[in-house]
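# Notes for the structure review
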Amino acid sequence: MKVKQRAGGARTLLLIPAAALLASGCASAPESSAAGHGEDRRPTTAATTPAEVRTDVEPLKRHFPQLGELSATKWVGRVLTKNSVPEIPGPTDVSLDGVAQLDPATLTAITDSGTWREGGIGCGVPQEIAAEVGDTMAWLHSEAFDKSVTRTQYTGSFYFDRQTNRVYFCTVNPKDRTS
């Protein structure tokens, strides 16, 4: 292929690959699965400072009504980004991670049905709530339960501790279920 060279032509040729690279970075979305694994959980530059630890239960009740009455909760929300240019306008992904106390009867009802495996929390625990969560190795998890909560509309994983009647949740873009 013959390229006609003009004054400033070299500059134009350099800008074309740069524009293509920028456009491809903007079009990509975080890789994710309905089980909550694989999502890009890197905070934007602005979110690298510690997140505010929240204790209000109303937002959690709206997002996760299957968990029943919640109390003694500690959770954090963060803005996430896939690319390194968070200033480019577009959809913003948000993570919601936390721990909450469950009603013992609700916990029993949830974990007595389905297939559960005991293991560690697989999505990482933000440092702001790590002390509250404690040991991350003896929690019950079910991918079927995750899908029943997320309805494959967002990513999320839910881990249960029968010893302390708690749930740990890690989600990206959870949906409000009250509307």
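In case you missed it, the structure is sitting above this.
Residues numbered from 1 in each chain as written. Predicted model: local features only at pLDDT ≥ 70, side-chain atom pairs only at ≥ 80, totals over all residues. Heavy atoms only, no water.

### Focus on the pattern of salt bridges
Within this structure, the stated rule accounts for six salt bridges. Measuring nitrogen to oxygen at the nearest pair gives 2.6 Å for the salt bridge that ties Asp56 to Arg54. The closest approach of N and O atoms between Glu58 and Lys61, which form a salt bridge, is 3.6 Å. With Glu58 and Lys61 both in helix α2 (residues 58–63) and three residues apart, this pair spans about one turn of that helix. Residue Lys61 is classed as partly exposed on the basis of its relative accessible area of 26%. (Salt bridge = Lys/Arg side-chain N within 4 Å of Asp/Glu carboxyl O. Helix = DSSP H or I, 4+ residues; strand = E, 2+ residues; numbered from the N terminus. Buried < 20%, exposed > 50% of the residue type's maximum accessible area, 1.4 Å probe, protein only.)

### Quick notes on the pairing of strand β5 (residues 155–161)
With seven of seven residues buried, β5 is to be regarded as a mostly interior element. Burial along β5 is two-sided: the residues Thr155, Ser157, Tyr159 and Asp161 and Gly156, Phe158 and Phe160 are all buried. Here two bridges tie strand β4 (residues 139–141) to β5, and the two strands are oriented antiparallel to one another. Within β5, the residue paired with Leu140 across the bridge is Phe160. For β5 and strand β6 (residues 166–172), the ladder comprises seven bridges, and the chain directions are antiparallel. Bridged to Gly156 within β6 is Thr171. What sits between β5 and β6 in their antiparallel hairpin is a turn of four residues, with Asn165 showing a positive phi close to 60°. (Pairing = 2+ DSSP bridges.)

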